[in-house]
Amino acid sequence: MTPLSSTHLWQLAFAEIPRPGALPRDYDVVRVSMRLGLPAIDMMINQGHRVGPLLCCTEHLRLLVPVRAGTAHWWGASHSDCVDGSEQRCGMTGGWAACRGRLWILPAGRRTATTTEPGALHHHLSQMRSRMRDVSGLSEATGVREARCA
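Throughout this description, residue numbers start from 1 for each chain and increase along the sequence as written. Local features in a predicted model are, by the rule used here, given only for residues with pLDDT of at least 70; side-chain atom pairs are given and counted only at 80 or more, and totals for whole chains, interfaces and linings are based on all residues. Side-chain measures here rest on the full set of heavy atoms in the structure, leaving out hydrogens and waters.

Chemist: Any chance you could break down the packing of aromatic side chains for me, citing the residues and the numbers?
Modeler: Pairing of aromatic side chains requires ring centres within 6.5 Å, counting the rings of Phe and Tyr and the six-membered ring of Trp. Pairs whose planes differ by under 30 degrees are stacked, by over 60 edge-to-face, and all others tilted. With the rule as written, the count across this model stands at one aromatic pair. Taking the centre distance of 6.0 Å and the plane angle of 35° together, the rings of Trp-74 and Trp-75 count as tilted. Note on exposure labels: buried denotes an accessible area under 20% of the residue type's maximum, exposed denotes more than 50%, and partly exposed covers the range between, all computed with a 1.4 Å probe on protein chains only. By relative accessible area, which is 26% here, Trp-74 ends up partly exposed. Given the relative accessible area of 1%, Trp-75 is considered buried.

Now the structure itself:
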């Protein structure tokens, strides 16, 4: 699977603005590589989880996944990070980089959720990371330490 491939159909909005109408006013954003994020999102859809709009950065090959507000403080995962929704940059190592070439994608043919469920997303990202490590022995770590949520 290439970074921009998926087993599902998507509606594309070839610009970052305007943002999708389904998004709530306040939300947090999970930032993850497309290599890890798209297969995890595909697994979520396959298992019947509702997925919200996704912001794709084609420059940095990152997904920015809106999740419900108030999630960032407990995220603590080594495969991704979660930040307040007002910060929608990719967060590349060595500082913040401005992004160009971003577009919104929404699941096609399904009622789009307002945001993606953070617990299910965390679980599926962890599962996909484990599968990738088993196959390649490599990690998708972002330098954020893993922590358990109560």
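Chemist: An account of unusual backbone geometry is needed here, citing residue identities and associated values.
Modeler: With omega at 5°, the peptide bond leading from Ile-17 into Pro-18 counts as cis. To qualify as a helix, a DSSP run of H or I must reach at least 4 residues; to qualify as a strand, a run of E must reach at least 2; elements of each kind are numbered from the N terminus. Within the secondary structure, Pro-18 is located in the loop between β1 (10–13) and β2 (27–33).

Chemist: Explain the pairing of strand β6 (residues 102–107) to me, using residue names and the numbers behind them.
Modeler: β6 sits mainly inside the fold: six of its six residues count as buried. Both faces of β6 are covered, namely the face carrying Arg-102, Trp-104 and Leu-106 and the face carrying Leu-103, Ile-105 and Pro-107. Relative to β6, strand β3 (residues 54–57) runs antiparallel, the two sharing four bridges. When the bridges of β6 are listed, Cys-57 appears paired with Arg-102. Whether two strands pair depends on DSSP finding at least two bridges between them.

Chemist: An account of helix α1 (residues 34–46) is needed here, citing residue identities and associated values.
Modeler: Here α1 contains 13 residues, and its C-alpha end-to-end distance of 18 Å stays within 8% of the 18 Å for a straight helix at 1.5 Å per residue. Of all 13 residues in α1, eleven are buried, a share of seventy percent or more. Considered for burial, the residues of α1 that qualify are Met-34, Leu-36, Gly-37, Leu-38, Pro-39, Ala-40, Ile-41, Asp-42, Met-43, Met-44 and Ile-45. Looking one or two residues past α1, Gly-48 carries a phi angle of roughly 90°, positive in sign. Take the residue count of a helix, subtract one, and multiply by 1.5 Å to get its expected span.

Chemist: Kindly report on the nonpolar core, identifying the contributing residues and their values.
Modeler: Remark: nonpolar core denotes a set of buried residues (Ala, Val, Leu, Ile, Met, Phe, Trp, Tyr, Cys) joined through side-chain atoms within 4.5 Å. If you look at the biggest cluster of nonpolar residues, it comprises 27 residues, and the most contacted ones within it are Val-30, Ile-41, Leu-54, Leu-63, Leu-121 and Leu-125. Residue assignment for this core shows that the elements contributing at least two residues are β2, α1, β3, β4 (62–68), β6 and α2 (118–136). Considering each element in turn, this core owes the most residues, eight residues, to α1. In contact with Val-30, not counting residues within four places along its chain, are Leu-63, Leu-64, Val-65, Val-67, Trp-75, Ser-80, Asp-81, Cys-82, Leu-121 and Leu-125. In what follows, residue pairs with any heavy atoms lying within 4.5 Å of each other are defined as contacts.

Chemist: Which residues make up the sheet that holds strand β5 (residues 81–84), and what are the values?
Modeler: By definition, the strands of a sheet pair up through backbone hydrogen bonds, in either a parallel or an antiparallel sense. Taking strand neighbours across the sheet as the criterion, the six strands line up as β1-β6-β3-β4-β2-β5 in an open arrangement whose pairing is antiparallel. Looking along the sheet, the strands with just one partner apiece sit at the ends: β1 and β5. Averaged over all pairs of adjacent strands, the angle between strand axes in this sheet comes to 30°, irrespective of strand direction. Note that β2 and β5 share four bridges and pair antiparallel. Along β5, the bridge assignment pairs Arg-31 with Asp-81. All axes are obtained by fitting lines to C-alpha atoms, using only the stretch in contact for helices, and the reported angles, taken between N-to-C directions, cover 0 to 180 degrees.

Chemist: Please set out the environment of Ser-6 residue by residue, giving values where relevant.
Modeler: The topology assignment puts Ser-6 in the segment before β1. Among the residues examined, Ser-6 registers a relative accessible area of 26% and is labelled partly exposed. Each C-alpha atom of the pair Ser-6 and Ala-40 lies 10.0 Å from the other, and the pair is 34 residues apart in sequence.

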